[in-house]
Number of protein chains: 2
Amino acid sequence: MSGLGATNRNVQHLKKLLSRRSERHAEGRFVIEGPVLAAEAVRAGWTCLAQFVPEGSGIEVDGAGPVRALAPGVLERIASTQSPQAPLTLAEMRFHDSAQVLAMATFVVVLDRVNDPGNLGTILRSAEAAGADAVVLTPGSVDAFNPKVLRASAGAVFHVPVLVAPLDEVVAAGFELAGTSSHEAPGRTVVAHTSADLTGRLAIVMGNEAAGLPDRWDDDDGPVDVWLTIRHHGRSESLNVAMAATVLVFEAARQRAQMDRPGTEPS
Amino acid sequence: MSGLGATNRNVQHLKKLLSRRSERHAEGRFVIEGPVLAAEAVRAGWTCLAQFVPEGSGIEVDGAGPVRALAPGVLERIASTQSPQAPLTLAEMRFHDSAQVLAMATFVVVLDRVNDPGNLGTILRSAEAAGADAVVLTPGSVDAFNPKVLRASAGAVFHVPVLVAPLDEVVAAGFELAGTSSHEAPGRTVVAHTSADLTGRLAIVMGNEAAGLPDRWDDDDGPVDVWLTIRHHGRSESLNVAMAATVLVFEAARQRAQMDRPGTEPS
């Protein structure tokens, strides 16, 4: 039996799922590249349907579904990286009832149209590590199942629930909204992130890399309860959105841990 | 007058400086790609010797030296990115007397053989923003003048002094050494980064992405004064070295700001 060629229907299907968001979401399936991420998906209980590997490679990830052989050179032609790693694992998306997840959550990170796959992946890692209950992406954000996001998340995407929901749904769920804004607004009170109380039922809201939050949000009459700023030395634009999110979620985690174990940490 | 061709001696020189660390350091010069980074170098007072732009492009960065024209297609052939940005600016390295800088410093970040240009660039941004006095790279670290590092640093490399020095020189300078270790050592006391006192004359030491710190350092009899751990939820390997460094330097900045202005921040 020889491996599947580049024109095989299943192979073309994988290629489309890797390159097109619309295909992924129309079908509710996506492709995981490489053994480490596939193993992470299996460990986190995601459903993997099949794994595609170069014929004779002997590669197989336990639990990632039946092995299908690819003809020589096919992996390189369809994968999203220049040095692709087998297997390509076909997996099913998980759907969350966002209202239900938000109702149970006490600490979420909201990303409003964050655009860069590397930024989203990094923020997913930080959010998982800081103990966020969910990451909410507004419509227009980069797709969490984009191969670059999966890679940059180092598997965090399989561990922290990712919801797609409009900002209004987060407001309706009753969170205290901590906004971040890269530009000054006259008359607005901004609070150093280390001085703000981040111990409540908290949503940290980060805006798009270039545009920030939408006008009706980035407004003193808007739903944001507190505007956070990361006081820093040096130039004004020194942290990108992923670094800023990392700093904020770990400050929230610090304050929340202190609240849980009063007296066990220094002030 | 027509632009310089790909075989021109000056053009070949730029290409070597972009691709070879040894050339850069033999000569004490390097190349800055794009207008934003060049403007940042000028603003920070670095010496720029010449700027090379496609002929007729009209691109010129104030203060970045005399403009030299490149023939069509030459920029693309020598730049380090697929979509190169003019100008290519020839600049002089700045040398620091590491003993002198370390003697004056109260807060430094030490990177032991950190390998990835993106990680170094990100850590330079964090170190600058958190108010570190210098970043120390041990021999064997990625070169701070690597084009990918310059880009990832978003110009921070022009603002925070970067020293190349062995770990022993940091020890000799009398810092309190806060080490980070990704692997457990039996009997070692590790302290949550939020519980450790980071207000002293502090060197935060981060090891190589894969190998961590060298054995003689990663030892209870070694020079490290306190081992830090970032307590986190989820899986064990959830933060990479750049994210971990960002969290640590901002916790240090938080504690140090509190010390400077007692009573102005909540505990």
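Definitions and cut-offs
Residues numbered from 1 in each chain as written. Chains lettered and ligands numbered in written order. Predicted model: local features only at pLDDT ≥ 70, side-chain atom pairs only at ≥ 80, totals over all residues. Heavy atoms only, no water. Phe/Tyr/Trp six-rings, centres within 6.5 Å; stacked < 30°, edge-to-face > 60°. Helix = DSSP H or I, 4+ residues; strand = E, 2+ residues; numbered from the N terminus. Buried < 20%, exposed > 50% of the residue type's maximum accessible area, 1.4 Å probe, protein only. Contact = heavy atoms within 4.5 Å. Buried area = accessible area lost by both parts, 1.4 Å probe. Salt bridge = Lys/Arg side-chain N within 4 Å of Asp/Glu carboxyl O. Polar contact = N/O pair within 3.5 Å; in protein donor to acceptor, adjacent residues only side chain to side chain. Pairing = 2+ DSSP bridges. Axes fitted to C-alpha atoms, helices over the stretch in contact; angles between N-to-C directions. pLDDT = per-residue confidence, 0-100. Least-squares fit on C-alpha atoms with pLDDT ≥ 70 in both.

## What to know about the packing of aromatic side chains
All names here are of chain A.
- With the rule as written, the count across this model stands at 10 aromatic pairs over all chains.
- Taken together, a centroid distance of 4.5 Å and an interplanar angle of 45° make the contact between Phe30 and Phe145 tilted. Here the residue Phe30 occupies a position in strand β1 (residues 29-33), and Phe145 occupies one in the loop between β6 (134-137) and α7 (147-153), the gap between them amounting to 115 residues. The pair Phe30 / Phe145 is uniform in exposure class, with both members buried.
- Ring pairing ties together the aromatic residues Phe30, Trp46, Phe145 and Phe158, which thus form one cluster.

## Some words on the interface of chain B and chain A
- Opposite the 35 residues of chain B that make contact, chain A presents 36 residues.
- Both faces combined, the contact of chain B with chain A buries some 2,800 Å², and carbon together with sulfur accounts for 55% of it.
- For the interface between chain B and chain A, the tally reads five salt bridges.
- Between B:Glu40 and A:Arg235 there is a salt bridge whose closest N-O contact spans 3.2 Å.
- Our count for the contact surface shared by chain B and chain A stands at eight residue pairs in polar contact (both at pLDDT 80 or more).

## Let's talk about the sheet that holds strand β1 (residues 29-33) of chain B
All names here are of chain B.
- Pairing in this open sheet of four strands is mixed, and the strands run β1-β4-β2-β3 from one edge to the other. For this open sheet the edge positions go to β1 and β3 (67-70), each flanked by a neighbour on one side alone. In this sheet, neighbouring strand axes are inclined to one another by 25° on average, regardless of whether the strands run parallel or antiparallel.
- Note: β1 against strand β4 (residues 88-92), five bridges, orientation antiparallel. Of the residues in β4, the one forming a bridge with Ile32 is Thr89.
- Along the sheet, helix α3 (residues 35-43) contacts β1, β2 (48-54) and β4; its crossing angle with β1, the most-contacted strand, is approximately 130°.

## Concerning the confidence of the model for chain A
- Confidence in the prediction for chain A averages 91 pLDDT; 93% of positions are at 70 or higher.
- Confidence metrics for the complex model read pTM 0.92 and ipTM 0.89.

## A look at the relation of the copies chain B and chain A
- Overlay of chain B on chain A (RMSD 0.0 Å): rotation 180°, translation along the axis 0.0 Å. Such a combination of rotation and displacement between the chain copies is what one expects of a two-fold axis.
- Both copies present the same face, since 100% of the interface residues in chain B are matched by interface residues at the equivalent positions in chain A.

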